[in-house]
Amino acid sequence: MRPALMIAVAAVLTVSAASAQEVTVRVGNAPSIASGALLIAIERGYFREVGIKIVIAPPRHGRERNRAAGAESVSGHRGWHRGRLLHALERNLPVTIAMSRVSTPLGHNMMLRADLKGEIKEIKQLKGRVIATNGPGSVSTYEIGKMLETAGLTMADVDVKVIPFAQYAIAFRNRAIDAALAIHPFTSQLRDLELAVPFADSDALIEPRPITISVNMINTDWASRNPAVARNFYLAALRGARDYCQAYHGSAVRKEMIDLLVKSGTERRPEMLHQYTWPARDRMAAWRWPAWLDMQAWYVRNKFVGTSAPAARVLDLSHIEAAAERLPPFVVENADSKLPGCR
(Lines give C-alpha, C1' and ligand atoms only; values in the text may rest on other atoms or scores of the structure.)
Protein backbone atom coordinates (compact mmCIF):
# COMPACT_ATOMS: atom_id res chain seq x y z
CA MET A 1 0.00 0.00 0.00
CA ARG A 2 1.17 3.48 -0.67
CA PRO A 3 0.71 6.22 1.90
CA ALA A 4 -1.79 9.01 2.42
CA LEU A 5 1.55 13.91 1.91
CA MET A 6 2.03 12.78 1.84
CA ILE A 7 0.86 15.84 -1.40
CA ALA A 8 -2.70 13.57 -2.27
CA VAL A 9 -5.59 12.03 -4.39
CA ALA A 10 -5.50 11.88 -7.30
CA ALA A 11 -6.24 12.58 -10.61
CA VAL A 12 -4.93 13.37 -13.98
CA LEU A 13 -8.02 13.50 -16.12
CA THR A 14 -8.62 13.65 -19.85
CA VAL A 15 -11.99 13.99 -21.46
CA SER A 16 -13.42 12.56 -24.66
CA ALA A 17 -17.01 12.34 -25.84
CA ALA A 18 -18.05 8.69 -25.63
CA SER A 19 -21.60 9.51 -26.67
CA ALA A 20 -23.94 12.46 -26.63
CA GLN A 21 -24.78 11.65 -23.02
CA GLU A 22 -21.51 10.33 -21.60
CA VAL A 23 -18.08 11.84 -21.15
CA THR A 24 -15.00 9.76 -20.39
CA VAL A 25 -12.76 11.18 -17.68
CA ARG A 26 -9.30 9.71 -17.31
CA VAL A 27 -8.12 9.71 -13.70
CA GLY A 28 -4.52 9.15 -12.64
CA ASN A 29 -4.96 7.69 -9.17
CA ALA A 30 -2.17 7.23 -6.63
CA PRO A 31 -3.25 4.19 -4.58
CA SER A 32 -3.78 4.80 -0.87
CA ILE A 33 -6.50 4.17 1.68
CA ALA A 34 -7.90 7.63 0.94
CA SER A 35 -8.43 6.61 -2.68
CA GLY A 36 -11.31 4.49 -1.40
CA ALA A 37 -13.44 7.61 -1.87
CA LEU A 38 -12.86 7.49 -5.63
CA LEU A 39 -13.35 3.72 -5.81
CA ILE A 40 -16.66 3.79 -3.96
CA ALA A 41 -17.94 6.67 -6.09
CA ILE A 42 -17.20 4.61 -9.20
CA GLU A 43 -18.63 1.39 -7.76
CA ARG A 44 -21.87 3.01 -6.59
CA GLY A 45 -22.43 4.77 -9.90
CA TYR A 46 -22.12 8.35 -8.68
CA PHE A 47 -20.13 9.36 -11.76
CA ARG A 48 -22.39 7.41 -14.08
CA GLU A 49 -25.41 9.28 -12.70
CA VAL A 50 -23.95 12.58 -13.93
CA GLY A 51 -22.92 11.23 -17.33
CA ILE A 52 -19.26 10.54 -16.58
CA LYS A 53 -17.33 7.37 -17.26
CA ILE A 54 -14.15 7.09 -15.18
CA VAL A 55 -11.02 5.45 -16.56
CA ILE A 56 -8.25 5.08 -13.97
CA ALA A 57 -4.76 5.59 -15.40
CA PRO A 58 -1.56 4.21 -13.85
CA PRO A 59 0.03 6.58 -11.30
CA ARG A 60 2.83 8.80 -12.56
CA HIS A 61 5.82 10.03 -10.65
CA GLY A 62 8.15 12.99 -10.46
CA ARG A 63 8.70 14.94 -13.68
CA GLU A 64 6.47 12.56 -15.63
CA ARG A 65 3.59 13.48 -13.31
CA ASN A 66 4.27 17.19 -13.71
CA ARG A 67 4.26 16.87 -17.51
CA ALA A 68 1.03 14.89 -17.38
CA ALA A 69 -0.63 17.51 -15.21
CA GLY A 70 0.21 20.18 -17.73
CA ALA A 71 -0.96 18.16 -20.72
CA GLU A 72 -4.07 16.44 -19.43
CA SER A 73 -7.34 17.60 -18.05
CA VAL A 74 -7.64 17.17 -14.35
CA SER A 75 -4.87 16.29 -12.07
CA GLY A 76 -4.38 15.57 -8.47
CA HIS A 77 -2.00 13.43 -6.57
CA ARG A 78 -1.53 12.20 -3.06
CA GLY A 79 1.56 14.02 -1.95
CA TRP A 80 1.37 16.94 -4.34
CA HIS A 81 0.81 19.17 -1.38
CA ARG A 82 4.59 19.08 -1.07
CA GLY A 83 7.53 20.14 -3.20
CA ARG A 84 6.33 18.64 -6.48
CA LEU A 85 3.14 20.70 -6.42
CA LEU A 86 5.18 23.84 -5.83
CA HIS A 87 7.53 22.86 -8.65
CA ALA A 88 4.52 22.48 -10.95
CA LEU A 89 3.26 25.91 -9.96
CA GLU A 90 6.73 27.41 -10.42
CA ARG A 91 6.73 26.05 -13.97
CA ASN A 92 3.31 27.67 -14.53
CA LEU A 93 1.59 24.40 -15.38
CA PRO A 94 -2.22 24.76 -15.62
CA VAL A 95 -3.00 23.01 -12.32
CA THR A 96 -4.59 24.13 -9.09
CA ILE A 97 -5.95 22.51 -5.93
CA ALA A 98 -9.67 21.74 -6.20
CA MET A 99 -10.40 19.48 -3.21
CA SER A 100 -8.71 18.41 0.00
CA ARG A 101 -8.20 14.70 0.58
CA VAL A 102 -6.42 13.98 3.88
CA SER A 103 -6.59 16.40 6.82
CA THR A 104 -6.04 16.65 10.56
CA PRO A 105 -6.06 14.49 12.63
CA LEU A 106 -3.28 12.86 10.64
CA GLY A 107 -2.38 10.06 13.03
CA HIS A 108 1.25 10.39 12.00
CA ASN A 109 3.96 9.71 14.52
CA MET A 110 7.72 9.83 14.84
CA MET A 111 8.33 6.20 15.68
CA LEU A 112 11.43 5.38 17.75
CA ARG A 113 13.22 2.04 17.47
CA ALA A 114 12.02 -0.05 20.40
CA ASP A 115 15.46 -0.74 21.90
CA LEU A 116 16.14 3.01 22.12
CA LYS A 117 13.13 3.97 24.22
CA GLY A 118 15.13 3.98 27.44
CA GLU A 119 17.97 5.97 25.89
CA ILE A 120 16.15 8.64 23.87
CA LYS A 121 13.40 10.48 25.70
CA GLU A 122 13.38 13.94 24.08
CA ILE A 123 13.37 15.17 20.50
CA LYS A 124 16.65 17.01 21.03
CA GLN A 125 18.31 13.65 21.64
CA LEU A 126 17.66 12.72 18.01
CA LYS A 127 20.59 14.92 17.00
CA GLY A 128 22.98 12.87 14.87
CA ARG A 129 20.48 10.01 14.56
CA VAL A 130 19.20 8.33 11.38
CA ILE A 131 15.57 9.22 10.64
CA ALA A 132 13.54 7.75 7.77
CA THR A 133 11.09 9.59 5.53
CA ASN A 134 9.20 8.28 2.53
CA GLY A 135 10.46 11.01 0.18
CA PRO A 136 12.87 13.96 0.19
CA GLY A 137 10.15 16.50 -0.62
CA SER A 138 7.26 14.68 1.03
CA VAL A 139 4.98 15.93 3.76
CA SER A 140 6.69 13.41 6.02
CA THR A 141 9.92 15.35 5.59
CA TYR A 142 8.12 18.58 6.44
CA GLU A 143 6.70 16.95 9.57
CA ILE A 144 10.15 15.71 10.63
CA GLY A 145 11.58 19.18 10.14
CA LYS A 146 8.80 20.84 12.12
CA MET A 147 9.17 18.37 15.00
CA LEU A 148 12.92 18.91 15.12
CA GLU A 149 12.39 22.67 15.22
CA THR A 150 10.38 22.34 18.45
CA ALA A 151 13.65 21.21 20.09
CA GLY A 152 15.87 23.77 18.37
CA LEU A 153 17.17 21.31 15.76
CA THR A 154 17.13 21.46 11.97
CA MET A 155 17.24 18.88 9.20
CA ALA A 156 21.00 19.36 9.08
CA ASP A 157 21.24 17.97 12.63
CA VAL A 158 20.03 14.49 11.62
CA ASP A 159 20.79 11.91 8.94
CA VAL A 160 17.65 11.60 6.82
CA LYS A 161 17.18 8.39 4.82
CA VAL A 162 14.49 7.93 2.16
CA ILE A 163 12.73 4.58 2.62
CA PRO A 164 9.25 3.50 1.45
CA PHE A 165 6.75 3.19 4.29
CA ALA A 166 6.30 -0.53 3.63
CA GLN A 167 10.02 -1.11 4.24
CA TYR A 168 10.17 0.65 7.62
CA ALA A 169 9.69 -2.64 9.47
CA ILE A 170 12.74 -4.16 7.77
CA ALA A 171 14.82 -1.06 8.45
CA PHE A 172 13.88 -1.05 12.15
CA ARG A 173 14.46 -4.78 12.46
CA ASN A 174 17.94 -4.43 10.92
CA ARG A 175 18.69 -1.35 13.06
CA ALA A 176 19.36 0.64 9.90
CA ILE A 177 17.32 3.56 11.26
CA ASP A 178 16.77 5.05 14.70
CA ALA A 179 13.44 6.72 14.03
CA ALA A 180 10.93 7.25 11.22
CA LEU A 181 7.95 9.43 10.44
CA ALA A 182 5.16 6.89 9.94
CA ILE A 183 1.52 7.15 8.87
CA HIS A 184 -1.57 4.98 9.32
CA PRO A 185 -1.60 2.00 9.40
CA PHE A 186 2.18 1.68 9.76
CA THR A 187 2.27 3.51 13.09
CA SER A 188 0.06 0.81 14.63
CA GLN A 189 1.74 -2.03 12.77
CA LEU A 190 5.25 -1.07 13.89
CA ARG A 191 4.01 -0.77 17.46
CA ASP A 192 2.21 -4.11 17.39
CA LEU A 193 5.28 -5.84 15.94
CA GLU A 194 7.28 -4.30 18.83
CA LEU A 195 9.77 -2.84 16.36
CA ALA A 196 9.15 0.80 17.28
CA VAL A 197 7.27 2.89 19.81
CA PRO A 198 5.37 6.15 19.32
CA PHE A 199 7.73 8.97 20.20
CA ALA A 200 6.39 12.28 18.88
CA ASP A 201 2.82 12.94 17.74
CA SER A 202 2.56 15.05 14.60
CA ASP A 203 -0.94 16.26 15.48
CA ALA A 204 0.22 17.49 18.89
CA LEU A 205 3.45 19.19 17.84
CA ILE A 206 3.05 20.76 14.42
CA GLU A 207 1.60 24.25 14.13
CA PRO A 208 -0.45 25.74 12.61
CA ARG A 209 -3.29 23.26 12.73
CA PRO A 210 -5.42 21.85 11.20
CA ILE A 211 -3.29 20.61 8.32
CA THR A 212 -4.29 19.40 4.87
CA ILE A 213 -1.64 17.06 3.49
CA SER A 214 -3.30 15.45 0.50
CA VAL A 215 -5.27 17.11 -2.26
CA ASN A 216 -7.01 16.64 -5.58
CA MET A 217 -5.72 18.81 -8.41
CA ILE A 218 -7.57 20.05 -11.45
CA ASN A 219 -6.18 21.21 -14.78
CA THR A 220 -7.49 24.74 -15.13
CA ASP A 221 -7.38 24.74 -18.93
CA TRP A 222 -9.58 21.64 -19.05
CA ALA A 223 -11.97 23.02 -16.42
CA SER A 224 -12.46 26.26 -18.34
CA ARG A 225 -13.33 24.28 -21.48
CA ASN A 226 -15.56 21.79 -19.65
CA PRO A 227 -17.17 23.65 -16.72
CA ALA A 228 -20.27 21.45 -16.47
CA VAL A 229 -18.25 18.23 -16.56
CA ALA A 230 -15.88 19.59 -13.92
CA ARG A 231 -18.78 20.50 -11.62
CA ASN A 232 -20.37 17.09 -12.08
CA PHE A 233 -17.08 15.32 -11.48
CA TYR A 234 -16.67 16.98 -8.09
CA LEU A 235 -20.30 16.38 -7.17
CA ALA A 236 -19.70 12.65 -7.59
CA ALA A 237 -16.28 12.89 -5.93
CA LEU A 238 -17.74 14.62 -2.86
CA ARG A 239 -20.38 11.91 -2.54
CA GLY A 240 -17.55 9.37 -2.54
CA ALA A 241 -15.69 11.42 0.08
CA ARG A 242 -18.75 11.36 2.32
CA ASP A 243 -18.98 7.59 1.96
CA TYR A 244 -15.31 7.42 2.92
CA CYS A 245 -16.08 9.43 6.06
CA GLN A 246 -18.89 7.04 6.94
CA ALA A 247 -16.52 4.09 6.46
CA TYR A 248 -13.87 5.86 8.55
CA HIS A 249 -16.38 5.99 11.41
CA GLY A 250 -17.22 2.30 11.05
CA SER A 251 -20.57 2.46 9.28
CA ALA A 252 -21.94 -0.32 7.06
CA VAL A 253 -20.09 0.97 3.97
CA ARG A 254 -16.72 0.20 5.56
CA LYS A 255 -16.70 -3.47 4.49
CA GLU A 256 -17.67 -2.52 0.93
CA MET A 257 -14.85 -0.01 0.75
CA ILE A 258 -12.33 -2.46 2.22
CA ASP A 259 -13.34 -5.00 -0.42
CA LEU A 260 -12.76 -2.37 -3.15
CA LEU A 261 -9.37 -1.37 -1.72
CA VAL A 262 -8.27 -5.02 -1.65
CA LYS A 263 -9.69 -5.76 -5.11
CA SER A 264 -7.87 -2.76 -6.55
CA GLY A 265 -4.56 -3.89 -5.04
CA THR A 266 -4.29 -0.77 -2.88
CA GLU A 267 -3.90 -2.97 0.20
CA ARG A 268 -3.64 -6.74 -0.07
CA ARG A 269 -4.00 -7.31 3.68
CA PRO A 270 -7.65 -6.72 4.60
CA GLU A 271 -6.86 -7.22 8.27
CA MET A 272 -4.85 -3.97 8.16
CA LEU A 273 -7.90 -2.11 6.94
CA HIS A 274 -10.26 -3.72 9.43
CA GLN A 275 -7.99 -3.30 12.44
CA TYR A 276 -6.39 0.12 12.15
CA THR A 277 -7.61 3.70 11.93
CA TRP A 278 -7.73 5.23 8.44
CA PRO A 279 -6.45 8.66 7.38
CA ALA A 280 -8.96 11.36 8.26
CA ARG A 281 -10.38 13.96 5.90
CA ASP A 282 -12.78 16.87 6.04
CA ARG A 283 -16.36 15.91 5.21
CA MET A 284 -16.70 19.08 3.10
CA ALA A 285 -13.22 18.80 1.55
CA ALA A 286 -12.33 22.06 3.30
CA TRP A 287 -8.95 23.70 2.75
CA ARG A 288 -6.45 24.64 5.47
CA TRP A 289 -4.81 27.82 4.24
CA PRO A 290 -2.62 28.85 7.24
CA ALA A 291 -0.99 25.42 7.32
CA TRP A 292 -0.39 25.56 3.56
CA LEU A 293 1.35 28.93 3.88
CA ASP A 294 3.58 27.53 6.60
CA MET A 295 4.34 24.46 4.50
CA GLN A 296 5.27 26.57 1.49
CA ALA A 297 7.54 28.74 3.62
CA TRP A 298 9.23 25.66 5.08
CA TYR A 299 9.94 24.17 1.64
CA VAL A 300 11.40 27.47 0.45
CA ARG A 301 13.46 27.90 3.62
CA ASN A 302 14.87 24.41 3.26
CA LYS A 303 15.53 24.89 -0.47
CA PHE A 304 13.15 22.23 -1.78
CA VAL A 305 11.63 24.93 -4.01
CA GLY A 306 12.67 28.41 -5.04
CA THR A 307 9.61 30.49 -4.21
CA SER A 308 6.11 30.39 -2.73
CA ALA A 309 3.04 30.38 -4.97
CA PRO A 310 0.45 33.19 -4.69
CA ALA A 311 -2.95 32.33 -3.26
CA ALA A 312 -4.84 32.86 -6.52
CA ARG A 313 -2.53 30.37 -8.22
CA VAL A 314 -2.87 27.62 -5.62
CA LEU A 315 -6.53 27.10 -4.95
CA ASP A 316 -9.95 26.95 -6.66
CA LEU A 317 -12.66 25.50 -4.45
CA SER A 318 -15.54 26.67 -6.65
CA HIS A 319 -16.28 23.17 -7.94
CA ILE A 320 -16.40 21.52 -4.54
CA GLU A 321 -18.38 24.40 -3.03
CA ALA A 322 -20.97 24.08 -5.80
CA ALA A 323 -21.14 20.34 -5.13
CA ALA A 324 -21.69 20.88 -1.41
CA GLU A 325 -24.67 23.12 -2.13
CA ARG A 326 -26.35 20.30 -4.02
CA LEU A 327 -25.99 17.72 -1.24
CA PRO A 328 -27.89 17.37 2.06
CA PRO A 329 -26.15 17.96 5.40
CA PHE A 330 -23.65 15.30 6.40
CA VAL A 331 -24.46 13.24 9.51
CA VAL A 332 -22.25 10.43 10.84
CA GLU A 333 -24.32 7.25 10.66
CA ASN A 334 -22.41 5.47 13.45
CA ALA A 335 -23.41 7.62 16.40
CA ASP A 336 -21.15 5.60 18.68
CA SER A 337 -17.97 6.61 16.84
CA LYS A 338 -15.57 8.64 18.99
CA LEU A 339 -13.04 9.23 16.23
CA PRO A 340 -12.10 12.83 15.50
CA GLY A 341 -11.93 13.88 11.87
CA CYS A 342 -14.33 13.25 8.99
CA ARG A 343 -17.02 15.30 10.75
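Note: the structure precedes this text.
**Structural notes on the overall build of the protein chain**
(1) Moving on: Assigned secondary structure in the protein chain consists of 15 helices and 10 strands.
(2) Moving on: Burial statistics for the protein chain: of 343 residues in total, 57% are counted as buried.
(3) Moving on: As displayed, the protein chain has an accessible area near 13,900 Å², and 50% of this comes from carbon and sulfur atoms.

**Thoughts on the pattern of salt bridges**
(1) Moving on: By the definition in use, this model includes 14 salt bridges.
(2) Moving on: The partner of Arg44 in a salt bridge is Asp243, with the nearest N and O atoms 3.4 Å apart. Highlighted residues: Arg44 in the loop between α1 (36-43) and α2 (46-49) and Asp243 in helix α10 (residues 227-248), separated in sequence by 199 residues.
(3) Moving on: The class for Arg44 is partly exposed, based on a relative accessible area of 32%.
(4) Moving on: Judged by relative accessible area, which is 11%, Asp243 ranks as buried.
(5) Moving on: The shortest N-O distance in the salt bridge between Glu207 and Arg209 comes to 3.2 Å.
(6) Moving on: In this structure Arg209 comes out as partly exposed when scored by relative accessible area, which is 38%.

**Focus on α1**
(1) Moving on: With six of eight residues buried, α1 is to be regarded as a mostly interior element.
(2) Moving on: Burial in α1 covers these residues: Gly36, Ala37, Leu38, Leu39, Ile40 and Ala41.
(3) Moving on: Packed against the buried residues of α1 are β2 (23-28), α2, β3 (52-57), α10 and α11 (253-263).

**Description of the pairing of β2**
Successive residues of a regular strand alternate their side chains across the two faces of the sheet.
(1) Moving on: Among the six residues of β2, five are classified as buried, and the element is accordingly described as predominantly covered.
(2) Moving on: In this structure, β2 lies alongside β3, joined through six bridges in parallel fashion. From the neighbouring strand, Val27 faces β3, where its bridge partner is Ile56.

**Comments concerning unusual backbone geometry**
(1) Moving on: The omega torsion across His184 and Pro185 is 0 degrees, close enough to zero to call that bond cis.
(2) Moving on: Structurally, Pro185 can be placed in the loop between β8 (179-182) and α7 (186-192).
(3) Moving on: Of note, the amide linkage connecting Arg209 to Pro210 takes the cis form, showing an omega dihedral of -5 degrees.
(4) Moving on: Relative to the assigned elements, Pro210 resides in the loop between α8 (202-205) and β10 (212-219).
(5) Moving on: Residues other than glycine seldom take positive phi values, yet Arg175 does so here, at roughly 60 degrees.
(6) Moving on: As for its placement among the helices and strands, Arg175 is situated in the loop between α6 (168-173) and β8.
(7) Moving on: A relative accessible area of 56% means that Arg175 is categorised as exposed.

**Examining the packing of aromatic side chains**
(1) Moving on: Inspection of the entire model under this criterion finds 10 aromatic pairs.
(2) Moving on: A ring pair is formed by Tyr142 and Trp298, whose centres lie 5.7 Å apart and whose planes are at 85 degrees; its orientation type is edge-to-face. Residue Tyr142 is found in helix α5 (residues 139-149), and its partner Trp298 is found in helix α13 (residues 289-301); the two are separated by 156 residues along the sequence.
(3) Moving on: Residue Tyr142 is classed as buried on the basis of its relative accessible area of 1%.
(4) Moving on: We classify Trp298 as buried; its relative accessible area is 0%.

**Side note on the pairing of strand β7 (residues 159-162)**
(1) Moving on: Bridge analysis of strand β6 (residues 130-133) against β7 gives four bridges, and the strand direction is parallel. Bridging from a neighbouring strand, Ile131 pairs with Val160 of β7.
(2) Moving on: Read as a crossover between parallel neighbours, the route from β6 over α5 to β7 is right-handed.

**Side note on α10**
(1) Moving on: Look at α10: 31 Å from first C-alpha to last across 22 residues, which is about the 32 Å you get at 1.5 Å a residue.
(2) Moving on: α10 sits mainly inside the fold: 18 of its 22 residues count as buried.
(3) Moving on: At the C-terminal side of α10, Gly250 shows a positive phi close to 85 degrees.

**Regarding the nonpolar core**
(1) Moving on: Ranked by size, the top nonpolar core spans 38 residues in total, and within it Val25, Phe47, Met99, Phe233, Tyr234 and Leu238 carry the most contacts.
(2) Moving on: With nine residues, α10 is the largest single contributor of residues to this core.
(3) Moving on: Formed by 29 residues, the second largest nonpolar core is a distinct cluster that contains Ile120, Leu126, Met155 and Ala179.

**Let's talk about the environment of Leu153**
(1) Moving on: Relative to the assigned elements, Leu153 resides in the loop between α5 and β7.
(2) Moving on: Taking the C-alpha atoms as reference, Leu153 lies 6.8 Å from Lys124; in sequence the two are 29 residues apart.
(3) Moving on: Sequence-distant contacts of Leu153, that is, excluding residues within four places in its chain, are made with Ile123, Lys124, Lys127 and Leu148.

How each quantity is defined
- In every chain, residue numbers begin from 1 and rise along the written sequence.
- Totals for whole chains, interfaces and linings use all residues, but because this is a predicted model, local features are given only for residues with pLDDT of at least 70 and pairs of side-chain atoms are given and counted only at 80 or more.
- Only hydrogens and water are set aside; all other atoms, that is, all heavy atoms of the structure, feed into the side-chain values.
- Numbered from the N terminus, helices here are DSSP runs of H or I no shorter than four residues, and strands are runs of E no shorter than two.
- Here's how the labels work: a residue is buried when its accessible area is under 20% of the maximum for its type, exposed when over 50%, partly exposed in between, all with a 1.4 Å probe on protein chains only.
- Here the Shrake-Rupley method, with its probe set to 1.4 Å, supplies the accessible areas, and only the displayed protein chains count as covering residues.
- Salt bridges are identified by distance alone: a Lys or Arg side-chain nitrogen within 4 Å of an Asp or Glu carboxyl oxygen.
- We call two residues contacting when some pair of their heavy atoms lies within 4.5 Å.
- One requirement defines pairing of two strands: DSSP has to find at least two bridges between them.
- Put simply, two rings from Phe, Tyr or Trp (the six-membered ring, in Trp's case) pair if the centres are within 6.5 Å, and we call them stacked under 30 degrees between planes, edge-to-face over 60, tilted for the rest.
- Here a crossover is taken to be right-handed if, once the strands point away from the viewer, the path from the first strand over the helix to the second is traced clockwise.
- Here a helix's expected span is defined as the number of its residues, less one, multiplied by 1.5 Å.
- Residue types Ala, Val, Leu, Ile, Met, Phe, Trp, Tyr and Cys, when buried and joined through side-chain atoms within 4.5 Å, form a set referred to as a nonpolar core.

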